[in-house]
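# Survey of secondary and tertiary structure
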Amino acid sequence: ALLTAVANGVIKQNLSLCRCKLGADETLLFAVDHPIDYPFMREDYSSLLRRMKPDDMLMVFNAMLQEKRIVVLSESLPTLSNCMHALVSLLYPLTWEHIFIPILPPQHIRFACAPMPFLVGMHRQNLQQLAQLPLDEVVLVDVDA
């Protein structure tokens, strides 16, 4: 039915579509309308949708719109990278014009003390080091929680 709708022009062809199985009998179809040349057009939203509750996604989206300092944590680096890119693409038609580091190396963890807006991803094993830093108004998001 979805392919028929695309063929008939009911749904634009440049939509990023993601079918995400949330439970035994619950599936979510998520669509984002991006222009053909948008760099994050084909992001995989399934990691983000499986790991974050809608309220948490809205909280992060709100923090991004307010240009906050955001640290995203995960045990899995591929998951972290996918979630980071998916979060940035959700801003369309706006763009994240600040610092964006999908995976911050542990030796640069002090970067989380920087005064400017940023969106960085870190391996969850760095949480104890991060907690020892003088963080002021940093939004921490654990996508594995």
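What comes next concerns the included structure. (Residues numbered from 1 in each chain as written. Predicted model: local features only at pLDDT ≥ 70, side-chain atom pairs only at ≥ 80, totals over all residues. Heavy atoms only, no water.)

## A few points about the nonpolar core
Among the nonpolar cores identified, the biggest contains 22 residues, and Leu48, Met52, Met64, Ile70, Val72, Leu119 and Val141 are the most heavily contacted of them. Mapped by element, the contributors of at least two residues to this core are α2 (46–51), α3 (54–65), β3 (69–74), α4 (77–89) and β6 (138–142). Of the residues forming this core, the biggest block, six residues, is contributed by α4. With near-sequence residues (within four places) excluded, Val72 lies in contact with Leu80, Met84, Leu87, Leu119, Val120, Gly121, Met122, Val141 and Val143. Residues Leu73, Phe118, Val120 and Leu130 belong to the second largest nonpolar core, which totals 12 residues. (Core = buried A, V, L, I, M, F, W, Y, C linked by side-chain atoms within 4.5 Å. Buried < 20%, exposed > 50% of the residue type's maximum accessible area, 1.4 Å probe, protein only. Helix = DSSP H or I, 4+ residues; strand = E, 2+ residues; numbered from the N terminus. Contact = heavy atoms within 4.5 Å.)

## Points about α4
Taking 1.5 Å per residue as the helical rise, α4 with its 13 residues ought to reach 18 Å, and the 18 Å between its terminal C-alpha atoms agrees with that figure. For α4, the set of buried residues is Thr79, Leu80, Cys83, Met84, His85, Ala86, Leu87, Val88 and Ser89. In this fold, the buried residues of α4 make contact with α2, α3, β3, β4 (99–101) and β5 (118–123). (Expected span 1.5 Å × (residues − 1).)

## As for the sheet that holds β5
Strand pairing in a sheet takes place through backbone hydrogen bonds and is either antiparallel or parallel in direction. The strand order across the open sheet built from four strands is β4-β5-β3-β6, with neighbouring strands paired in parallel fashion. The open sheet has two edge strands with one neighbour each: β4 and β6. Neighbouring strand axes in the sheet, compared pairwise and without regard to direction, differ in orientation by 20° on average. Note that β3 and β6 share five bridges and pair parallel. Across the sheet, residue Val71 finds its bridge partner in β6, namely Leu140. Running at roughly 150° to β6, α3 makes contact with β3, β5 and β6 of the sheet. Packing of α4 onto the sheet brings it into contact with β3, β4 and β5, and relative to β5 it is tilted by some 165°. (Pairing = 2+ DSSP bridges. Axes fitted to C-alpha atoms, helices over the stretch in contact; angles between N-to-C directions.)

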